[in-house]
Amino acid sequence: AQTVTQSQPEMSVQEAETVTLSCTYDTSESDYYLFWYKQPPSRQMILVIRQEAYKQQNATENRFSVNFQKAAKSFSLKISDSQLGDAAMYFCAYRSALRDDKIIFGKGTRLHILP
Amino acid sequence: DGGITQSPKYLFRKEGQNVTLSCEQNLNHDAMYWYRQDPGQGLRLIYYSQIVNDFQKGDIAEGYSVSREKKESFPLTVTSAQKNPTAFYLCASSPDREGYNEQFFGPGTRLTVL
């Protein structure tokens, strides 16, 4: 069964600095999708970024980018120029492209932004 | 505006009572999901439905039931058989079964058992 591991329960970063959130996953499949979701204090889940496993190029969305290492099964999220509004829980998620459409979530990393 | 609504935002229940959480979407999505969120546990899948009148158990279905009589509605009933129902419940939907598509989430319902 697939698993998603986020080894950092909490992290802090100074405003305007860069921070990287780690995520590793375990799968025997070659075709899948990876996601980072953000859950701010309002608890509304929002998609931050997604990555297709067959694409070697790392996805980017403005200040958010990923470092996708397929062989290492690693999918880290980099947030550049951190802003106070980035403070949230961040969840890494995996979804198979071959089987059913369940998304498997990690346990989350709580990110604090220090002014 | 298109989106997912969940009601109520906060819900209190006495032990031994069944309670139903509402989830409605006007995104014309085929697939809908229910998750439970506990501190330090991430999101755990309770039930999901890929088409009207069909649904599948997720990882923690015991003590819960669902129905999918309409495409836009996927209510979750927390029964008295659920031993520890106090949690935050999230409903989500997705356009179809394609893995590429993200899940869109509702604002959640906080259920507290008194």
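Residues numbered from 1 in each chain as written. Chains lettered and ligands numbered in written order. Predicted model: local features only at pLDDT ≥ 70, side-chain atom pairs only at ≥ 80, totals over all residues. Heavy atoms only, no water.

Participant: Please provide a residue-by-residue account of the state of the cysteines, values included.
Facilitator: Between two cysteines, a covalent bond joining their sulfur atoms is known as a disulfide. All names here are of chain A. Counted by the stated rule, this structure contains 2 disulfides over all chains. Paired through a disulfide, Cys-23 and Cys-92 show a sulfur-sulfur distance of 2.0 Å. Looking down the S-S bond of the Cys-23 and Cys-92 bridge, the torsion is -70°, so its handedness is left-handed. Taken as a pair, Cys-23 in the loop between strand S3 (19–21) and strand S4 (24–26) and Cys-92 in strand S10 (residues 88–96) lie far apart in primary sequence, 69 residues in all. Here the two residues Cys-23 and Cys-92 agree in accessibility, since each one is buried. (Disulfide = S-S within 2.5 Å. Helix = DSSP H or I, 4+ residues; strand = E, 2+ residues; numbered from the N terminus. Buried < 20%, exposed > 50% of the residue type's maximum accessible area, 1.4 Å probe, protein only.)

Participant: Describe in detail the pattern of salt bridges, supporting the description with residues and values.
Facilitator: For the structure shown, the criterion picks out 7 salt bridges over all chains. Across the salt bridge formed by Glu-52 of chain A and Lys-55 of chain A, the nearest N and O atoms sit 3.5 Å from each other. Accessibility expressed as a relative area gives 9% for Glu-52 of chain A, which makes it buried. Here Asp-38 of chain B makes a salt bridge to Arg-44 of chain B, at a shortest N to O gap of 2.8 Å. (Salt bridge = Lys/Arg side-chain N within 4 Å of Asp/Glu carboxyl O.)

Participant: Residues and numbers for the interface of chain A and chain B, please.
Facilitator: With 20 residues of chain A at the contact, the number on the chain B side is 26 residues. When chain A packs against chain B, close to 2000 Å² is buried across both sides, 49% of that on carbon and sulfur atoms. On the surface where chain A and chain B come into contact, there are 1 salt bridge. At the junction of chain A with chain B, the criterion picks out 6 residue pairs in polar contact (both at pLDDT 80 or more). Of all elements in the fold, only strand S5 (32–39), strand S6 (46–52), S10 and strand S11 (103–105) of chain A reach the threshold of two or more residues within the side of chain A that touches chain B. With 4 residues, S5 of chain A is the largest single contributor of residues to the side of chain A that touches chain B. The residue makeup of the side of chain A that touches chain B, split by class, is 8 nonpolar, 4 polar and 8 charged. (Contact = heavy atoms within 4.5 Å. Buried area = accessible area lost by both parts, 1.4 Å probe. Polar contact = N/O pair within 3.5 Å; in protein donor to acceptor, adjacent residues only side chain to side chain. Nonpolar A, V, L, I, M, F, W, Y, C, P; charged D, E, K, R; others polar.)

Participant: Please give an account of the sheet that holds strand S3 (residues 19–25) of chain B that cites residues and values.
Facilitator: All names here are of chain B. Strand order in this open sheet of 4 strands is S1-S3-S8-S7, and the pairing throughout is antiparallel. Every other strand in the sheet has two partners, leaving strand S1 (4–7) and strand S7 (64–66) as the edge strands with one partner each. Within the sheet, the average angular offset between the axes of one strand and its neighbour, ignoring direction, is 20°. Two elements, S3 and strand S8 (residues 76–78), share 3 bridges in a ladder whose sense is antiparallel. Note on S8: the bridge partner recorded for Thr-20 is Thr-77. (Pairing = 2+ DSSP bridges. Axes fitted to C-alpha atoms, helices over the stretch in contact; angles between N-to-C directions.)

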